[in-house]
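# An overview of the molecular structure
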Amino acid sequence: MDAKSVRSTERLTRSLLSVVGSPFEPQRDMRIDEDLSSLYRYAINNRMALLTLDALNKRGINVFRDDYEKLGNNYLQAMDLMVRVSDLLEEAGIDFVFFKSLRPYREATVDMDVLVFGSSYRDVLKAVGEAGYFLLERGPLSATFRDPVSKLGIDIHEEIAVSHLIYLDKEKLDKQVVRREVPGGGIVRTLSPAADLLAIICHSVLKEQMYVLSEYYSTLFYL
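So, here is what we can say about the structure in this document. Residue numbers here run from 1 along each chain, matching the order of that chain's written sequence. The model is predicted, so local features are restricted to residues of pLDDT at least 70 and side-chain atom pairs to those at 80 or more, both for listing and for counting; the totals for chains, interfaces and linings are taken over all residues. Excluded from the side-chain calculations are hydrogens and water; all other atoms, namely the structure's heavy atoms, are used.

The next subject is the overall build of the protein. In DSSP terms, a helix is any run of H or I states spanning at least four residues, a strand is any run of E spanning at least two, and both are numbered starting from the N terminus. Within the protein, the regular secondary structure consists of seven helices and nine strands. The reference for a compact globule is 2.2 Å times residues^0.38; the radius of gyration itself is calculated from the C-alpha atoms. Relative to the 2.2 N^0.38 estimate, which gives 17 Å for 223 residues, the radius of gyration of the protein is 19 Å and therefore close to what a compact globule would have. Taken over the C-alpha atoms alone, the protein extends approximately 55 × 35 × 30 Å along its principal axes. Accessible area is worked out with a 1.4 Å probe on protein chains only. A residue is then buried under 20% of its type maximum, exposed over 50%, and partly exposed in between. The buried share of the protein, reckoned over its 223 residues, is 46%. Residue contacts follow a heavy-atom distance rule, with two residues in contact if any of their heavy atoms lie within 4.5 Å. Taking all contacts inside the protein whose residues are at least 6 apart in sequence as the whole, residues at least 24 apart take part in 58%. Two residue types count as positive, namely Lys and Arg, and two as negative, namely Asp and Glu; His and chain ends fall outside the count. Charge positions are represented by NZ for Lys, CZ for Arg, CG for Asp and CD for Glu. Of the charged side chains in the protein, 28 are positive and 33 negative, and the gap between their average positions amounts to 3 Å.

Printed below as a string of structure tokens:
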């Protein structure tokens, strides 16, 4: 990245941080050094589009109304899917937990992650498939299904891994399961804030080998 690109990225980062603010200082003044279209594209690249539009909307800026409505609907669809999958696995007697899927702020997602603990992984995949979710692909330690209603993905993990490499031991997480109410109603199993933040950071660093501002804001909001 050349010096000009670095300066542009720095300006965008400062502006985005100014717009969204901090849960520790939510009322700070907003300063935008870039046009809103560039800023919004940057927010998308940093996987915090809905968080950014929520922040702009609170400040009376509604220039992306169609996107805001679409992302809000996508968020509610994801929450509904989470409840439906949770109910399915609960009824099947599966020992599981959602992770990296329920951020401490509103954010639309294209998929969600389920970790299987003591239950038979094969039985879990069979139960999900028989419930009408389409199997898209299967890797060494995970499988991806698609919900025919929302078109969102469901990643079922036997282990938290990259290919065959397990990078987070699930046996150290099975005591970190809590139940949370999700927007729209319903209770789901998810990791405790500390454990979920660990999973988010490990995924970012070890699997994706990148760091985006959504990870920064997950850390702030969890703290």
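Okay, the pattern of salt bridges next. Counted as salt bridges are all cases of a side-chain nitrogen of Lys or Arg within 4 Å of a carboxyl oxygen of Asp or Glu. Scanning the entire structure with this criterion turns up nine salt bridges. The closest approach of N and O atoms between Asp-95 and Arg-189, which form a salt bridge, is 3.4 Å. One end of the pair, Asp-95, is in the loop between helix H4 (65-91) and strand S1 (96-99); the other, Arg-189, is in strand S9 (residues 187-191), with 94 residues separating them in the sequence. Its relative accessible area of 13% is what places Arg-189 among the buried residues. One salt bridge in this structure joins Asp-113 and Lys-100, with 3.1 Å as the shortest N-O distance. With Asp-113 in strand S2 (residues 111-116) and Lys-100 in the loop between S1 and S2, the pair connects residues that are 13 residues apart, well separated along the chain. The exposure classification of Asp-113 matches that of Lys-100, with both residues buried. One continuous salt-bridge network, built from bridges that share partners, spans Glu-90, Asp-95, Arg-179 and Arg-189.

It is generally the case that most residues other than glycine have a negative phi and that most peptide bonds are trans. Of note in this structure, Lys-151 is not a glycine but carries a positive phi near 70°. Topologically, Lys-151 is positioned in the loop between strand S4 (142-146) and strand S5 (153-157).

There is a patch of nonpolar side chains on the surface, built from Ile-201, Val-205 and Leu-206 and spanning about 250 Å² of accessible area. Owing to a relative accessible area of 44%, Leu-206 belongs among the partly exposed residues under this scheme. Exposure above 30% relative accessible area and no salt bridge define the residues that can form patches, which grow by joining like charges within 9 Å and nonpolar side chains of Val, Leu, Ile, Met, Phe, Trp and Tyr within 5 Å. Working definition of accessibility: Shrake-Rupley area with a 1.4 Å probe, residue cover restricted to the visible protein chains.

Mapping Ser-22 onto the fold places it in the loop between helix H1 (3-20) and helix H2 (36-45). Taking the relative accessible area as the measure of exposure, Ser-22 reaches 18% and is therefore buried. Here Phe-24 takes part through its backbone nitrogen, which lies 3.0 Å from a polar atom of the side chain of Ser-22. Any pair of nitrogen or oxygen atoms within 3.5 Å is treated as a polar contact; in protein, a donor-acceptor pairing is required on top of that, and neighbouring residues in sequence qualify only through side-chain atoms on both sides.

Aromatic contacts are taken between Phe, Tyr and Trp rings whose centres are within 6.5 Å, Trp giving its six-membered ring; a plane angle under 30 degrees counts as stacked, one over 60 as edge-to-face, and the others as tilted. Enumeration over the complete set of coordinates arrives at five aromatic pairs. Both rings, one in Tyr-216 and one in Tyr-217, keep their centres 5.2 Å apart while their planes meet at 80°; by these two values the pair is edge-to-face. Given a relative accessible area of 32%, Tyr-216 falls into the partly exposed group. Overall, Tyr-217 belongs to the buried group, its relative accessible area being 1%. Pairing Tyr-217 with Phe-221 gives two aromatic rings, centres 6.3 Å apart and planes at 45°, and the pair type is tilted. On the criterion of helical spacing, the pair formed by Tyr-217 and Phe-221 is a turn pair, its members being four residues apart in helix H7 (residues 213-222). Relative accessible area serves as the criterion here: at 32%, Phe-221 is assigned to the partly exposed category.

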